[in-house]
Each structure stands twice: as C-alpha cells, then as structure tokens.
Amino acid sequence: GGRRVAAGSMVPPQVREGEMTRVVYNHIMAHQYDQAVKILNNELQNFPTSRCCLSLLGYCYYHMQDFQNAQQIYGQLTQACPDSDEYKIYHVQSLMKAGLYEDALQVCTMVENPDFGERVMLLQAAISYEQDEVQLARSFLDQCSPQAEERQVFEGALFWKEKRHAEAMKQFTEAMNTVGYQPDLAYNVALCYYSTKQYGPALKHIAEIIERGVRDHPELSVGAFDEGGCGLQARSVGNTAVLRETALVEAFNLKAAIEYMMKNQEAARDALNDMPPRDESELDAVTLHNQALVEMDDKPTEGFRKLNFLLGQHPSPPETFVNLLVLYCKYSYYDLAADILAENADLTYKNMNTQDYEFLDALILAQSSAEEAYRRFDELSAKHIEALRRGTKNIQDARKQRDQAAVKKHLNDFDEALSKYIPVLMGQAKIYWDMEHYSMVEKIFRQSAEFCSEDESWKLNVAHIFFMQEKFKECIRYYEPFVRKHNDNLLGITAIILANLCVAYVMTSANEEAEELMRLVEKEEEKVMDLTKPVYHLCIINLVIGTLYCAKGNFEFGISRIIKSLEPYDRKIGVDTWYYAKRCFLALGETLGKNMILLKDEAFDDIINFFDSAAQVGKGIQTTMDPVDGREGAETKRTVAQEARLLKKFFLKMRD
C-alpha cells in the first residue's frame, strides 16, 4: 500500500464564484495572509500564469515573512513580465531577505527604469551591509540622497558593524529625535548599549519597548506562554506586520541575551517565554538559537537539534557555529566538533577569531594526540599571560595618573582577557587530569595563581585537585568560602561540590560541620514546591559518603547508606544517582568475587530487595544520556530496570 492522502487534505477553502477578489482582499486587509494564500494557491492550479494571482501571492508570502516562497513567486512574475521593473524590485527584496545575496545583486543589474535608480542603490547598499562589505555599502549610500533620518539609521548600522558603537548610538538617537519614538530605533540604541556591555541602560530601553508593545497591542498576548501554570502553549499570534513594527521579538531576544550573559538562566528563559507566542515553525533564527542555548541544560537533545537545523540554514546567526562547537566539546562529542569544523571552513574564518579557533582545535586534538595538544595549549597560554601582564601594567599606570575612566576600561579589558585565558588553562590541566596525574595538575594551577587566584572557577578546580589527592584540609579552605557565599541558595550549587565538602569534613573528623551542611540542604529540598523537578542534592551527598566508606572497605555501612539515600526510590533514582550507586555495587561484587570479604545474610537481603525496587521504578529510566540523536543503536540503551535485574542475578549467585 502506497502513502495515502488524509481525507480532509484535498478539500480547498470554499469561495463562491464571483466573490474571489472580495474575499482575498478582505483577508489581506485583516492581515490574514495564510487564509488568502490558501485561496490563491487553489486559484493558481486553475490559472497557473495569472498575473493578478501571482502578484497577490508574492505580497502575502512577503508579509508572512516566508521569503523563500516570495522570491520564487516574484521570480516567476519577472519572467512572465520582463518589462515590469517593479516586480524586479520586489524580487530583489525577497531574495535579500531569504539570504540569497548574489542572486539579489544579479537582479539589481536588470532594473532599467532610471526612476528606480535611487531605490536600487539603497538595495545594493543593504545587500553589501548584510554581506559585511561595509566600505562597498558606504560607497553605494554616498551615491544616494535618501531622507535625512533614513541616512542616519543606515549610517548608524554601518558604524555598529564597524564596532564604532558610540557613533552608531549618536546616529540612532538623532534619528529618533527627528521622527519621534520608534521601537526599532529604540532597539538599535539598546543593542549599542549591549555591545558595550552597558546592560543597565540596555535593559531600560528594552523595558520601554515591551511596555509600549503590551499597552498598544494587547492582542499580541505578551507573557501568555503559560499563564495558568499548566504547561499549555498559548495560541500563536503569527508573524504579522504589527509584531514586526513593535520590535517585541527583538527586544525579548536581547533581554534573554543580557540575562544569559549575567548568568541568570531562569530570567533568560522567562524572557523567551514572555515573547508573543508563535509556533516553532514560525520562529525566526535568533529566537530558535536563543531557545536552544537556554534549554541546553534541561533538554540537550532539543538544543542540539535546533542548533544543527540552524547551521544548515543560510544565513544562520553567526553565533550558531561557535556555540555548537563549544557545546559539542562540553558534552565530549569531539568527533562531531571535528566534523563541523572540517565541513564549515568558511564559517571558521568568518565567525571565529583566531584565538577561539586555536583553543577549540587544541581541545579536539587532545583526544588523539595529548602531547601535541599540550604543546599548543602551552603556546596559547604564553600569549594570554603576556596580554594579562600588559593589562596589569595598564591598570597600575592608570591608577598612578588617577584616571578613573581609564582604570575602569583597563579593569574590564583585564576581566575579558582572563575569561579567555581560564578555558585554555582548564584545557591544558584536563590532559593531566584525565591521566589522573593530579600533582602535575596542581603544578599547572599554581603557575597561574598570579592572575587567577580570585576567579571562582579557578578556586573550585583547585579544591577538586586537593580533594583528588586526599589533601582534605586544603580543599576545605577552597570549598568552604564558595559554599558559604551561596548559603541562601545551596541547591544552586553543583551537588558534587557539597558532597566533596561533606566527605572532607568527615575525613578531618569535623562530622558536626558535615551534618549541619546536610541539614541545611535537607531544609532547602523540603521547600522546593515544583514536584515535577526531582532534587538530587542530599541524595548525591549521601551517595558520595557511602562511596567513601565502600572505598575504605567498610561495605556494609557504605551500601546501607547508599540504599537509604535513594529513598523514596521513585523520586531519587535517576541517571546520575544510579551511576554513582551501581559503581559501589560493582566494587562490592568484585570484592566478594575475590573472596576478600563476607557479607551477612541481612545485608544480602537488603541488596536483593533494593534491586527488586529499582527494577520496578527504573523501567523508563535510561542509564546513559545521549543528547545527540541517533548516536547509539537502540540495543546499547539500557534502562535502570535491566541493569538492576543483571546485578540481582549476580548477587544471588554470590550468596549461593
């Protein structure tokens, strides 16, 4: 049986004869372009070359922001009516919006009517701008005489492209003084503030855009994503001309970007959710990109799907390529990172600076040739350290001259340089960390203390290094201030940090401190209202303490602690917690197999009962997470239930 057509799909919208034109125009007047498109496409099947029908269809597609279809329709019109320069102009605009810049420039040369000369020049300037050819864009602009404010906006955009943000802002502000408040101009000003990391003023302009949008256009349903808290998607408002004029989508995206940069993940997610609701198929590339980033921690599969989809679109936001690369490396998919680097050489030159490229290249290389990667990291480190030394000197000089503005600028530059150096240092240290050569890792960190000793991630990694070398007193010195600093939000700290600190307390006979910290975590977990999100912090602390006892050979106490920590099983057994727990059961199994210890019958009974419970609740819980679709065959994906049954079988054998 071939594919069947669903019964309802062949019935066209019914329009009585003679009423076609009126109905189509009514839909267009009401901005119901999708309704008009259905009728026009049906009409086109009967009259494939109807100029009127094609013209209206092109107009509708353009206003729906479906530029691919718009450029195809206007392409047909320019062939059918080669003398109409107006259609050629519309064709150029649609090609440009669809990212087909070369084709757009080609069509520009076919416009013959001198009355359109100025318009063609402006279009050529806009196309050059989109292709980052700023000088060419400026030379086209200089041959035109557009209205003053239009020139100001274009000039401002060119300055922004050249990173001359203050001059860009001046042009946008002057244009706004001339024509009055316009959301798109206010957005441009906010973007200039964002580009210079002045997030406060940027958020002020964004707030005004949103306020006006909500007040003037309640029909756009701002904040309606999930007002009832029941997880239902609000009805789409579509990509209308009104939505475009309010600049709400751009404003919410910029707000999300600022919150993300300030590490306020929740606020970034809220900004995207408050956007006027649209279906996923209607989302613009920037929104899709930002959604992928903010949901990466919770839904990595979704995030990777969206970023890969965007990378296949031309043009895609320039950040897509670099972010996908970085995230592949973060999740240890180095082979996929290497693939997209090789497949997109053009984007490497266009969208990455040399230092970022060299860093990622060394990170990927470390998987196949650790020695060569270490050498490259070393060269990169030397460059960064030189820049940091220069930065320190600049700050000192500015302080001597009591130039506060210069001090502020150089401090910002230093922070920027440090944020570039830290990942290089981590990449270099990770090579020895993976070899479990912790004393060498410690040495690398000591050498970088001069510049990094105040950096939070540096201090945490120093604590981890001391912990792995069982230098518990030293690691407490680094873990403790960090945990105290976040005392009011302990669940915001990675669980393993709390667990390591508790273990270090236990190992230095500071059991009261360990118990106090665990009590605080328990209190916070009890306050969590959202029962759909399981909290594993206390569970992981107990698991790690249980693991410690197992490692020291006290299996009975260690295993009983592990089993207890996973209660109630239906809420506490998850991918991570099962991973920690099963390692202890396997270590116990190995020790039993070598006849190195004997277990009491009650202990065996507890273990068997635990596996029975785990098999009950673990049917739908996978034991590995692979955020990249299709990486593993179905047969390699095991569930907790399957592994629990395997372990039970083994322990029953051991008991007999």
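Cut-offs used in this document
- Residues numbered from 1 in each chain as written.
- Predicted model: local features only at pLDDT ≥ 70, side-chain atom pairs only at ≥ 80, totals over all residues.
- Heavy atoms only, no water.
- Phe/Tyr/Trp six-rings, centres within 6.5 Å; stacked < 30°, edge-to-face > 60°.
- Buried < 20%, exposed > 50% of the residue type's maximum accessible area, 1.4 Å probe, protein only.
- Helix = DSSP H or I, 4+ residues; strand = E, 2+ residues; numbered from the N terminus.
- Lys NZ or Arg CZ within 6 Å of the ring centre and 35° of its normal.
- Expected span 1.5 Å × (residues − 1).
- Contact = heavy atoms within 4.5 Å.
- Core = buried A, V, L, I, M, F, W, Y, C linked by side-chain atoms within 4.5 Å.
- pLDDT = per-residue confidence, 0-100.
- Salt bridge = Lys/Arg side-chain N within 4 Å of Asp/Glu carboxyl O.

A. Molecular detail of the packing of aromatic side chains. All told, the structure shown has 25 aromatic pairs when counted by the stated rule. Ring geometry for Tyr549 versus Phe557: centroids 4.7 Å apart, planes at 80°, classification edge-to-face. Phe557 gets classed as partly exposed once you look at its relative accessible area, which sits at 36%. Aromatic pair Tyr569 and Phe610: ring centres 5.4 Å apart, planes at 75°, arrangement edge-to-face. Separated by 41 residues along the polypeptide, Tyr569 in helix α31 (residues 569-572) and Phe610 in helix α33 (residues 601-617) bring together distant segments of the chain. Classification of Tyr569 as buried rests on a relative accessible area of 17%. Using a relative accessible area of 1% as the deciding quantity, one classes Phe610 as buried. What links up through ring pairs into an aromatic cluster is the set Tyr569, Trp578, Phe585, Phe610, Phe611, Phe650 and Phe651. Just above the ring of Phe159 sits the side chain of Arg138; from NZ or CZ to the centre is 5.3 Å. The ring of Tyr181 carries the charged tip of Arg212 above its face, separated from the ring centre by 3.7 Å.

B. Representation of helix α32 (residues 575-593) within the structure. Between its first and last C-alpha atoms α32 spans 27 Å; for 19 residues at 1.5 Å apiece the expected length is 27 Å, and the two agree. For α32, the complete set of buried residues consists of Thr577, Trp578, Ala581, Lys582, Cys584, Phe585, Leu588, Gly589, Thr591 and Leu592. The inward-facing, buried residues of α32 contact α29 (537-551), α30 (555-565), α31, α33 and α34 (640-655). Looking one or two places after α32, you find Asn595, whose phi comes out positive at around 55°.

C. Expanded view of the nonpolar core. Grouped together as the largest cluster of nonpolar side chains are 89 residues, with contacts concentrated most on Phe321, Tyr328 and Val483. When residues no more than four places from it in sequence are discounted, the contact partners of Val483 are Leu490, Ile493, Ile497, Leu498, Leu501 and Leu517. Listed in part, the 36 residues of the second largest apolar core include Leu185, Leu248, Phe252 and Leu272.

D. View of the environment of Ile559. Its location among the elements puts Ile559 in helix α30. Placed 22 residues apart in sequence, Ile559 and Ala581 show a C-alpha to C-alpha distance of 8.6 Å. In this structure, Ile559 is in contact with Cys550, Cys584, Phe585, Leu588 and Ile607, ignoring residues within four places of it in sequence.

E. Layout of the confidence of the model for the protein chain. Residues of the protein chain with pLDDT of at least 70 account for 94%, and the chain-wide mean is 87. Long-range and interchain partners of residues 1-17, a stretch whose pLDDT sits below 50, account for seven contacts in this model, where long-range means more than four residues apart.

F. Quick peek at unusual backbone geometry. Residue Pro568 is bonded to the preceding Glu567 through a cis peptide linkage, with omega at -10°. If you trace the backbone, Pro568 turns up in the loop between α30 and α31. Its identity is not glycine, yet Lys197 carries a phi of approximately 60°, on the positive side. If you trace the backbone, Lys197 turns up in the loop between α11 (183-195) and α12 (199-216). Phi angles above zero are rare outside glycine, and Ser332 is one such case at about 65°. For Ser332, the position within the fold is in the loop between α18 (319-330) and α19 (334-343).

G. Spotlight on the environment of Ile210. Among the secondary structure elements, Ile210 is positioned in helix α12. Taking the C-alpha atoms as reference points, Ile210 and Val249, 39 residues apart in sequence, are found 9.4 Å from one another. Leave out the neighbours within four places in its chain, and Ile210 touches Leu248, Ala251, Phe252 and Lys255.

H. Representation of the pattern of salt bridges. Considering all chains together, one arrives at 44 salt bridges under this definition. The residue Lys430 makes a salt bridge to Asp434 at a minimum N-O spacing of 2.9 Å. Residue Lys430 and its partner Asp434 are located together in helix α23 (residues 404-434), separated by four residues, close to a single helical turn. Several salt bridges share partner residues, and in doing so they unite Arg138, Asp142, Arg151, Glu155, Glu162, Arg164 and Glu167 into one network.

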